[in-house]
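Geometric and topological summary
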Amino acid sequence: MRRASLVLLSRLNRCKTPTPLLPRAPTSPIYSAPSSSPPTSAPYSAAAINILAATSKEPSSSQRKLKERPELAEAFESARTAEDKLHVFKDMEAVYSERELGLASLKLALKLDEEGEDPEMVLTYATRALNIFDAEDEMPGLPVAMALQLLGSVSLSLNKFSESLGYLNRARRVLRKLEEEEGVSEGDVKSVLHSVHLLLANVKNATGRREEALENLEKCLEIVEATAEEGSEEVATANRDLAEANASLLNFKVALPYGLKALEIHRDRLGNNSVEVAHDRRLLGVIYTGLEMHQKALEQNQLAQKVLKHWGMSSDVLRAEIDAANIQIALGKYDEAINTLKAVVQRTGKDSETRALVFVSMGKALCSQEKLPDARRCLEMACGILDKKEKEKPIDVAEAYMEISMLYESMNQFETAITLLKRTLNMLEKVPEEQASEGSVSARIGWLLLLTGKAQQAIPYLESAAEVMKECFGSKHFGVAYIYNNLGAAYLELGRSQSAAQMFAVAKEIMDVDLGPHHPDSIEACQNLSKAYTAIGSYALASEFQQQAVSALESHGPSVEDELREAKRLLADIQKKARGGGGSSNEPSTKALPLPTGRRQAPGNPATEKHS
């Protein structure tokens, strides 16, 4: 947020306070515009030094303070570095009252932040400024909002997420009131409000609340479109941010128009051969891939590569070529993908992260061709490189490990997949802003343990995942429902039928609202709940929920004939038990569901494929 601090500092120079900081004598105000004379190497102006050095007639203490105040004020405004401002501020403390130092303390904090000084020092002066402002009943709202914005920014950099949210939400409330007041610069308010919403998005992303962050990014775009020139860089950046955020949540249809708008603006402003256009095209390649429009994705990728090669951006070219290979894999062009990757690997360093990513993609292609021994060798080579990067780039390595573990899953090497995910979890636990990823990995470990018959070992991972995901997304998020479903499956396997029924009930309630009662996973949760009540002996409830599952399946038509036939058989079996009959010995299996990687995936999407 260094650039934001610079912008806020320039706006703060225009802030006026209704309470005079100096006596009503003809002296210069402390926050007049910076002097136009060139800065000196000393922290004070020449005039201030002359007054401080005068000894011909020793004035009284109060007279000396009155003379020093305007010169210190001028010196503070003229200081060009944080160090110089800090020197002057220390002397100002001797001649100004605490309440008079509010704006100076905020300006100093902003300058320290702009120059990348110790965030704890920034926090100290920003907090001091806010405390002074809060003590003043008539303090203008804009400096208060700016102090809150800075405190939110610094708290985020210190991973104090809760404190950051508190400051930023209060700043937003202050700014909303200012928008309704007359005589307040709308441009200044909008500028600070934009910065606040952008920070809120960053905090929410850091704590895994990525869907909530979208709302703040949408507000950022709205503000920019209202205040910036049409077709400006600010508008392009805001559109790209929204495209990236939606793509990360697999909302590809929503992301596409934002990505296209960013490309259009950059192309009009900078021409087809600009680096910004190349980055937009790479992003569009990801979006088109997500939409399974692979040919369009490949076209965007090739255009991006052309520009990146023109500018000699070799590392970006290599990453783009890996992206191209992954698109070729999605198209089923495995041999072409492998040839592309072989060409890339020749231009990578022996222990480079890029080389590891090449081997991951090559493993994916070979796995798709069912050349499993060759695929495993590629993945082992990738892990050998990534092992050395764990401390240096934990997030990048964690993402690679997650992808590798899924490839091992597809080869039915579950123990290897679990081992990799446990290593991933250990890394993510040390990175506070990756809390959501931590919860997702913990959930997947629990699911795999459950899948391999280790229900007792699965429970701690699933319980931990549920707590983390509730904290990140709220207790009613669809991802939490999947974890509760799997906890229910684990409890049922261990004979804890009552606990299982409670977990399945929560899962069904969330899924019915978030996914809809006819979604395949909602139907599975309903049947799992029926199974739990059957185990308890509550046949009336079991029959009721199984009937709901049958009705939901009937709405899908001929595509689910086999599933409907089995659901009806189970319903008849429950009804027979309710009448005192023995029922079938062919007990239905309880479905464990992997945590999906996207929101509201359509039936049949790999993100929600179920494994029995």
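Computed from a prediction, not measured in an experiment: that's the story for all the values here.

1. A word on the nonpolar core
In terms of nonpolar packing, the biggest core is built from 95 residues, with Tyr401 and Ile404 touching the most fellow members. Among the elements that take part in this core, helix H23 (residues 478–493) stands out by supplying eleven residues, more than any other. Those residues in contact with Tyr401 that lie beyond four places of it in its chain are Cys383, Leu386, Asp387, Glu390, Leu420, Arg423, Thr424 and Met427. Grouped together as the second largest cluster of nonpolar side chains are 52 residues, Phe89, Leu103, Leu142 and Leu175 included.

2. Side note on the packing of aromatic side chains
One pair of aromatic rings is described through two measures. These are the centre distance and the angle between the planes. Taken as a whole and judged by the stated rule, the model has four aromatic pairs. Ring geometry for Phe76 versus Phe89: centroids 6.5 Å apart, planes at 50°, classification tilted. Of this pair, Phe76 sits in helix H3 (residues 61–78) while Phe89 is found in helix H4 (residues 82–95), placing the two residues 13 residues apart along the sequence. Each member of the pair, Phe76 together with Phe89, is buried. With centroids separated by 6.2 Å and ring planes inclined at 85°, the aromatic side chains of Phe478 and Tyr482 adopt a geometry described as edge-to-face.

3. Considering a negative patch on the surface
Taken together, the side chains of Glu83, Glu117, Asp118 and Glu120 make up a negatively charged region of the molecular surface. Mapped onto the secondary structure, Glu120 falls in helix H6 (residues 119–135). For Glu120, a relative accessible area of 38% puts it in the partly exposed group.

4. Some points on the UniProt feature "repeat: TPR" (unreviewed entry) in the protein chain
Look at the UniProt record and you will see "repeat: TPR" (unreviewed entry) annotated at residues 398–431. Between the first and last C-alpha atoms of residues 398–431 the distance is 11 Å; the span itself is 82% helix and 0% strand.

5. A word on the pattern of salt bridges
Counting across every chain of the model gives 30 salt bridges. Of the charged contacts in the structure, one is a salt bridge between Glu100 and Arg69, with a shortest N-O distance of 3.1 Å. Remark: Arg69 occurs in helix H3 and Glu100 occurs in the loop between H4 and helix H5 (102–114); sequence separation between them is 31 residues. The partner of Arg423 in a salt bridge is Glu390, with the nearest N and O atoms 2.5 Å apart. Here Glu390 lies in the loop between helix H18 (372–386) and helix H19 (394–410) and Arg423 lies in helix H20 (residues 414–428), a separation of 33 residues in the sequence.

Conventions used here
Residues numbered from 1 in each chain as written. Predicted model: local features only at pLDDT ≥ 70, side-chain atom pairs only at ≥ 80, totals over all residues. Heavy atoms only, no water. Core = buried A, V, L, I, M, F, W, Y, C linked by side-chain atoms within 4.5 Å. Buried < 20%, exposed > 50% of the residue type's maximum accessible area, 1.4 Å probe, protein only. Helix = DSSP H or I, 4+ residues; strand = E, 2+ residues; numbered from the N terminus. Contact = heavy atoms within 4.5 Å. Phe/Tyr/Trp six-rings, centres within 6.5 Å; stacked < 30°, edge-to-face > 60°. Patch = residues over 30% accessible without salt bridge, like charges linked within 9 Å, V, L, I, M, F, W, Y side chains within 5 Å. Areas by Shrake-Rupley, 256 points an atom, 1.4 Å probe, with all protein chains shown as cover. Salt bridge = Lys/Arg side-chain N within 4 Å of Asp/Glu carboxyl O. Lys, Arg positive; Asp, Glu negative; His and termini not counted. Charge placed at Lys NZ, Arg CZ, Asp CG, Glu CD. UniProt positions renumbered as here; feature names shortened; annotations may be inferred.

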